[in-house]
Amino acid sequence: MAVAGGVVAGMSSFTTPEEKERAAGAANQLPFMPGDVAPITVKEREARIEKAQRLLTEQKMGALIMESGTNLKYFTGISWWPSERTMVAIIPASGPVRYVCPGFEEARFREQIIIGKDVYAWQEDESPYKLIAKVLKDAGVLSGTVGIEEQVRFFIMDGVRKEATHLNFASGTPVTMNCRMIKSAAEIALMQRASDITLGGIKVGISQLREGMSPGELSSIIGKAQRDLGGDADGALCLFGEAAAFPHGTIKPRLLKKGDIVLMDCGCRVEGYTSDITRTTVFGAEPTKRQTDIWNLEKQSQAAGFAAAKIGGACGMVDAAARKVITDAGFGPGYQLPGLPHRTGHGIGMDGHEWGNMVKDNQQKLQPGMCFSIEPTISIPGEFGIRLEDCAYMTEEGPKWFSGQSKSIMEPF
């Protein structure tokens, strides 16, 4: 459930040069990790497009229109900023990928092309939507339905619809979801490396805990450590004491005190693939019985969710199993506090949150290659919150952890 550390008040950089040096020294004790990581190959992206085309045919769609965002990167390898100037990629049900981009950007755009070669450029006084309609015609899409992927902004979809009134338009999610939700071995390897880096960053953060530090200082330490280890830091939400009862933090300032619960929800990216890990411990004192009991209950709940993940079973069963442990202990029921106020997990891949949520009544069947978090927070307003979050991936034999569970409240690794 990682979100940007800026959600929490009191964010600031290190206060002294000594603190900077100490944090850097801790990070330098860990090895730079991603040197042998293999990026996604052109061959794998071509296979993704072939699968998308099979799904387009099954869904009776003539093409899929994508713009800037994760799906564009997933299928074509192109990264593009979503400005007001329309740029789209079009995957037809058969034939090569085609692109529409601003004329003055064409040379820069072509630098990124590794799949397909046809670029239709529009000038500042021309309509990109007429050009998109022409691309569809050139691709043989003369009637029927065109899929619009979920990140296409309304003004683009509306412009295309007005220029291609003979076509119908529908959600392209049945194509994009069913491609991206099942990860390949190469994708899982990148996610594993991202998880390794994030664990290393959290270790550095714990080693630098000190009384009086702000959540922002801890977030900065963890983020820098992840970058030093070779990851693209993707946020570290750090919460102390009663603030940890808010799953995504609070605006109230809170400095670290001895005996506080410390919750660290962190992630990074490696070659575009994400991690999401939460560790919860106690700072500077022996944990109380209450803290230890709730922490142990949280671990039992997480373990129950993991055990419930079965090939062919419903995603909702993971939530049901994890939640039952918490409600059987007298919390809840449902989303009521104190208890578990949110779903037990979410899909993960190139985006931190993807399809395949571990949530009540989700009948989506678990399949090999699906990746998801298991994070049944226990929130106790006015006291603290405990979250243990690790991500898992499905194999033919069942689920496997990317990061594995914490050992105990004072042994997070």
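Whatever comes next refers back to the structure up there.
First things first, this report covers the structure right here in the doc. Sequence order sets the numbering: in each chain, residues are counted from 1 along the sequence as written. Under the rules for a predicted model, residues below a pLDDT of 70 receive no local features and side-chain atom pairs below 80 are neither given nor counted, while totals for whole chains, interfaces and linings still include all residues. With hydrogens and water excluded, all non-hydrogen atoms of the structure serve as input to the side-chain values.

## Side note on the overall build of the protein chain
Heads up, the condition is: By definition, any uninterrupted DSSP run of H or I lasting at least four residues is a helix, any uninterrupted run of E lasting at least two residues is a strand, and each is numbered from the N terminus. Here the radius of gyration uses the C-alpha set of atoms, whereas the globule reference equals 2.2 Å times the residue count to the power 0.38. Burial classes follow relative accessibility: with a 1.4 Å probe on protein chains only, a residue under 20% of its type's maximum area counts as buried, one over 50% as exposed, and anything between as partly exposed. Every residue pair with non-hydrogen atoms within 4.5 Å of one another is taken to be in contact. Only the protein chains shown count as cover for residues, and all accessible areas are computed by the Shrake-Rupley method using a 1.4 Å probe.
When helices and strands are counted, the protein chain shows 11 helices and 17 strands. A compact globule built from 413 residues would reach a C-alpha radius of gyration of about 22 Å, and the protein chain, at 23 Å, matches this within 12%. Here the protein chain holds 413 residues, and 55% of them are scored as buried. Counting only contacts in the protein chain whose residues sit at least 6 apart along the sequence, the fraction spanning at least 24 positions is 68%. Surface summary for the protein chain: the accessible area is close to 17,100 Å², and the carbon and sulfur share equals 54%.

## A closer look at the pairing of strand S4 (residues 118-122)
So the rule is basically this: Strand pairing is assigned whenever DSSP identifies at least 2 bridges connecting the two strands. A clockwise course of the path from the first strand over the helix to the second, judged with the strands pointing away from the viewer, identifies a crossover as right-handed.
In terms of strand pairing, strand S3 (residues 98-102) meets S4 through 5 bridges, oriented parallel. Note on S4: the bridge partner recorded for Val100 is Tyr120. Each parallel crossover has a hand, and for S3 linked through helix H4 (residues 106-112) to S4 it is right-handed.

## Some points on the packing of aromatic side chains
How we decide: Two aromatic rings from Phe, Tyr or Trp, using only the six-membered ring of Trp, form a pair when their centres are within 6.5 Å; if the ring planes differ by under 30 degrees the pair is stacked, by over 60 it is edge-to-face, and anything between is tilted. Here, a charge over a ring means that NZ of Lys or CZ of Arg falls within 6 Å of the ring centre while also lying within 35 degrees of the ring normal.
Using the criterion set out here, one finds 5 aromatic pairs in the structure. Between Tyr74 and Phe75, the ring centres sit 4.9 Å apart and the planes meet at 90 degrees, which makes this aromatic pair edge-to-face. Residue classification places Phe75 among the buried residues on the basis of a relative accessible area of 0%. Among the aromatic residues, those joined into a cluster by ring pairs are Trp80, Tyr99 and Phe109. Its end group placed over the ring of Tyr74, Arg48 keeps NZ or CZ at 3.9 Å from the ring centre. Above the ring of Phe413, the side-chain terminus of Lys203 is found at 5.4 Å from the ring centroid.

## Focus: the sheet that holds strand S1 (residues 61-66)
Filter applied, for reference: Throughout, an axis means a line fitted to C-alpha atoms (over the contacting stretch in the case of helices), and angles, computed between N-to-C directions, take values from 0 to 180 degrees.
Across the sheet, which stays open at both edges, the 6 strands sit in the order S4-S3-S2-S1-S5-S6 with mixed pairing between neighbours. Two strands close off the open sheet at either side, each with one partner strand: S4 and strand S6 (168-171). Direction aside, the axes of adjacent strands within the sheet are offset by 25 degrees on average. Pairing analysis gives 4 bridges linking strand S5 (residues 145-148) to S6, with the strands arranged parallel. Each bridged residue has a counterpart across the sheet, and for Gly147 the counterpart in S6 is Ala170.

## Brief notes about the environment of Glu149
What counts is decided by this rule: Any pair of nitrogen or oxygen atoms within 3.5 Å is treated as a polar contact; in protein, a donor-acceptor pairing is required on top of that, and neighbouring residues in sequence qualify only through side-chain atoms on both sides.
Position of Glu149 relative to the elements: it lies in the loop between S5 and helix H6 (154-163). Classification of Glu149 as buried rests on a relative accessible area of 1%. Distance in space between the C-alpha atoms of Glu149 and Gly339 is 36 Å, their sequence separation being 190 residues. A polar side-chain atom of Glu149 sits 2.8 Å from a polar atom in the side chain of Asn71. Polar side-chain contacts of Glu149 include one of 2.9 Å to the backbone nitrogen of Gln151.

## Things to note about the packing of helix H10 (residues 289-307) against helix H11 (residues 315-328)
Rule in force here: By the definition adopted for this analysis, an angle is roughly parallel if under 35 degrees, roughly antiparallel if over 145, roughly perpendicular if from 65 to 115, and oblique otherwise. Less than a right angle of anticlockwise turn of the near helix away from the far helix marks a crossing as left-handed, whereas a clockwise turn marks it as right-handed.
One way to put it is that H10 packs onto H11 with a least axis distance of 7 Å and a crossing angle of 155 degrees. For the element pair H10 / H11, the angle class is roughly antiparallel. The interaxial crossing formed by H10 with H11 has right-handed handedness. Mapping the contact onto sequence places Leu297, Gln300, Ser301, Ala304 and Gly305 in H10 and Val318, Ala321, Ala322, Arg323, Val325 and Ile326 in H11.

## Describing H6
Side chains three or four residues apart in an α-helix point the same way, a direct result of the helix having 3.6 residues per turn. Buried within H6 are the following residues: Ile156, Met157, Asp158, Gly159 and Val160. Of the surrounding secondary structure, the elements contacted by the buried residues of H6 are S1, strand S2 (88-92), helix H5 (128-138), S5 and S6.

## Digging into the environment of Arg254
Mapped onto the elements of the fold, Arg254 is located in the loop between strand S7 (232-240) and strand S8 (261-270). The exposure class of Arg254 is buried, given its relative accessible area of 11%. Measuring from C-alpha to C-alpha, the distance between Arg254 and Gly241 comes to 8.1 Å, with 13 residues separating the pair along the chain. Among residues more than four places away in sequence, those in contact with Arg254 are Pro215, Phe240, Gly241, Glu242 and Asp260. A polar atom in the side chain of Arg254 sits 3.1 Å from the side chain of Glu242. In this structure the side chain of Arg254 is engaged in a polar contact, spanning 2.7 Å, whose partner is the side chain of Asp260.

## Observations concerning the state of the cysteines
Just so we agree on the cut-off: Throughout, a disulfide means two cysteine sulfur atoms within 2.5 Å of one another.
For the structure on display, the rule yields 0 disulfides. Free cysteine: Cys268, not disulfide-bonded; nearest cysteine sulfur from Cys266 at 9.8 Å.

## Some thoughts on the nonpolar core
What counts is decided by this rule: For our purposes a nonpolar core is just a set of buried Ala, Val, Leu, Ile, Met, Phe, Trp, Tyr and Cys residues, chained together by side-chain atoms within 4.5 Å.
Ranked by size, the top nonpolar core spans 41 residues in total, and within it Phe75, Ile91, Tyr99 and Phe109 carry the most contacts. Looking at which element gives the most residues to this core, the answer is helix H8 (residues 185-207), with 5 residues. The residues touching Ile91, leaving out its near neighbours within four places in the chain, are Ile49, Gln53, Leu56, Ala63, Leu64, Met66, Phe75 and Val97. Listed in part, the 24 residues of the second largest apolar core include Ile156, Met157, Val160 and Phe169.

## Focus on the environment of Gly349
Its place among the elements puts Gly349 in the loop between strand S11 (345-347) and strand S12 (354-358). Between the C-alpha atom of Gly349 and that of Met181, which follows or precedes it by 168 residues, the distance is 7.8 Å. Those residues in contact with Gly349 that sit more than four places away from it in its chain are Lys183, Met191, Gly272, Tyr273, Thr274 and Glu354.

## A short note on the packing of H8 against helix H9 (residues 215-228)
In plain terms, the rule: Classes in brief: Ala, Val, Leu, Ile, Met, Phe, Trp, Tyr, Cys and Pro nonpolar; Asp, Glu, Lys and Arg charged; the others, Gly included, polar.
With their axes 8 Å apart at the nearest point, H8 and H9 run at an angle of 140 degrees to one another. Classed by the angle they form, the pair H8 and H9 counts as oblique. Once H8 is placed against H9, the crossing between them reads as right-handed. In contact with Ile197, Thr198, Gly201, Ile202, Val204 and Gly205 of H8, H9 contributes Leu218, Ile221, Ile222, Ala225 and Gln226. A class-by-class count of the residues in the contact of H8 with H9 yields 7 nonpolar, 4 polar and no charged.

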